[in-house]
Each structure stands twice: as structure tokens, then as C-alpha cells.
Amino acid sequence: SAVISQKPSRDICQRGTSLTIQCQVDSQVTMMFWYRQQPGQSLTLIATANQGSEATYESGFVIDKFPISRPNLTFSTLTVSNMSPEDSSIYLCSVREGNRGTFGSGTRLTVV
Amino acid sequence: QQPVQSPQAVILREGEDAVINCSSSKALYSVHWYRQKHGEAPIFLMILLKGGEQKGHDKISASFNEKKQQSSLYLTASQLSYSGTYFCGTELIQGAQKLVFGQGTRLTINP
């Protein structure tokens, strides 16, 4: 299965600032997915990142707040912009290889 | 729409069995099951494709009733290592790849 390197693993940020999270996959994949998981909660899909096209955002998530880049088939970034304490959460990237899904180890973000 | 999992939490003794259910209000193409331990990433367990198949993985198996849009995960003779939160993820359309996850079922196995 794919191996995903996600960083940073955690960060504490000031409100109003932005943080960029990186995901590197060890194989080429068509789609990469970005999820948010608040403590003790389920995984909520933020957007789907396709190489060579704009990311597709789920209801409740907008590009201005969560801009995504997908420069090639092995790499993607998610930026959390103009952060507020409500953005404190774990952010995970994920890929599918065939029927098997793999998640990155996650970025634990705390906004103070 | 988010699938509904039941129960929300289960506490078992080692060796006991458990069933976790996942129900959707929409027609599904596939159901995926993941287990997540505290502080770790979710780990893929298995996928059920429409067709009513049942799959097994060691002492963990699952079924998918596409007519009822329901899937069940069966854990037999549970081991301490089975502890964690189980999520079902539903895929509505073949090829969509994106998953909508249920709220999770927390499973605690005591010695």
C-alpha cells in the first residue's frame, strides 16, 4: 500500500495566521483527499485534490479558507488560512490505491 | 449524507463477539471499514462492493446488504488489539473514490 509522509505532525499557531500542511506519497495517485477530524469526532472531507485541475470542495468548505495545491501526482498541500480557534483540529490527507485507502499520520493543529 | 453507525460504543471482555452496523439513506456503491487507535491514523480493514458479498479478515468479517444500504462488521473472539474506533466510509458512485464516514463506534476490549 501507499506510504504517505505528512508534515508538520503538529503545530500551535496564532489566530489570524496561516499554516500549510504537506503530503508526499511514495507512488503516483490521481486523487488526494483532505479530511478534518475534530477530537473524538468523525472524519469530514474537506476537498478532493486532482493534479492539473482545481480542487473540488465539499459543502461548508471554501477555497479562500482552505486553498489546496496539487503540483504533481505525488504531492499536495492544504493551507488553513486566517485561522481561528475553531480551526483547531487534526487534518489528514488520504489516497486510494485500487480499493485500499491510506491516511497520512495527520497534523494536529492548535490555534491560540 | 453521513451514514449512521450503531452502537456508538461497546465494551467487551477479551474473547467476546461484537457487531457494528452502518446504515445509509442513499444507495451505495461500496462500504469501507477502518479502525483508528487513539492518536493514530485510520487503518483500512476491508471494502464491500455492492452485490451483497461478505468478506473476512482474520476474525473480522463484514457483510453488505445493498438493498437496505446497510453493512455490518463482525468481530469474533475479540482480542485486546481490536480496541479502537471503527468507522464505516461510504462511496456513492463507482469511481468517485471519496468517502463519507459515519460517526464512529468506540470499541473497548478488557482482559
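Structure: above.
Procedures and definitions
- Residues numbered from 1 in each chain as written.
- Chains lettered and ligands numbered in written order.
- Predicted model: local features only at pLDDT ≥ 70, side-chain atom pairs only at ≥ 80, totals over all residues.
- Heavy atoms only, no water.
- Pairing = 2+ DSSP bridges.
- Helix = DSSP H or I, 4+ residues; strand = E, 2+ residues; numbered from the N terminus.
- Axes fitted to C-alpha atoms, helices over the stretch in contact; angles between N-to-C directions.
- Salt bridge = Lys/Arg side-chain N within 4 Å of Asp/Glu carboxyl O.
- Buried < 20%, exposed > 50% of the residue type's maximum accessible area, 1.4 Å probe, protein only.
- Core = buried A, V, L, I, M, F, W, Y, C linked by side-chain atoms within 4.5 Å.
- Contact = heavy atoms within 4.5 Å.

Another point: the sheet that holds strand β1 (residues 4-7) of chain A. Residue and element names in this part refer to chain A. Strands sit in the order β1-β3-β8-β7 across an open sheet of four strands; the sheet is antiparallel. Looking at strand neighbours, the two that pair on one side only are β1 and β7 (68-72), the edges of this open sheet. Taking the axes of each pair of neighbouring strands and ignoring which way they run, one obtains an average angle of 15 degrees across the sheet. Relative to strand β3 (residues 19-25), β1 runs antiparallel, the two sharing four bridges. Note that in β3 the partner of Ser5 across the bridge is Gln24.

The subject of this paragraph is the pattern of salt bridges. Any two side chains of opposite charge can pair, given that their charged atoms come close. All names here are of chain A. Using the criterion set out here, one finds three salt bridges over all chains in the structure. A salt bridge links Lys65 to Asp87; its shortest N-O distance comes to 2.6 Å. Here Asp87 lies in the loop between β8 (75-80) and β9 (89-97) and Lys65 lies in the loop between β6 (56-57) and β7, a separation of 22 residues in the sequence. When its relative accessible area of 5% is taken as the criterion, Asp87 is described as buried.

What follows covers unusual backbone geometry. With an omega of 0 degrees, the peptide bond running from Lys7(A) to Pro8(A) counts as cis. Assignment of secondary structure puts Pro8(A) in the loop between β1 and β2 (10-13). A cis geometry characterises the amide bond from Ser6(B) onward to Pro7(B), with omega recorded as -5 degrees. Here Pro7(B) is to be found in the loop between β1 (4-6) and β2 (9-13). Of note, Asn82(A) is a non-glycine position whose phi angle comes to about 45 degrees, a positive value. Structurally, Asn82(A) can be placed in the loop between β8 and β9. In this structure, Gln69(B) takes a positive phi of about 50 degrees despite not being glycine. For Gln69(B), a relative accessible area of 19% translates into the label buried.

On to the nonpolar core, then. Residues Trp34(A), Ile46(A), Phe66(A), Ile68(A), Leu78(A), Tyr91(A) and Leu109(A) are the most contacted members of the largest nonpolar core, which totals 26 residues. Where this core is concerned, the elements lending two or more residues are β3, β4 (31-37), β5 (43-50), β8, β9 and β11 (107-111) of chain A. Among the elements that take part in this core, β3(A) stands out by supplying four residues, more than any other. In this view, Ile68(A) contacts Trp34(A), Ala47(A), Ala49(A), Ala55(A), Tyr57(A), Ser76(A), Thr77(A) and Leu78(A); residues no more than four positions away in its chain are not counted. Counting residues in hydrophobic clusters, the runner-up holds 21 residues, among them Val31(B), Ile60(B), Cys88(B) and Leu107(B).

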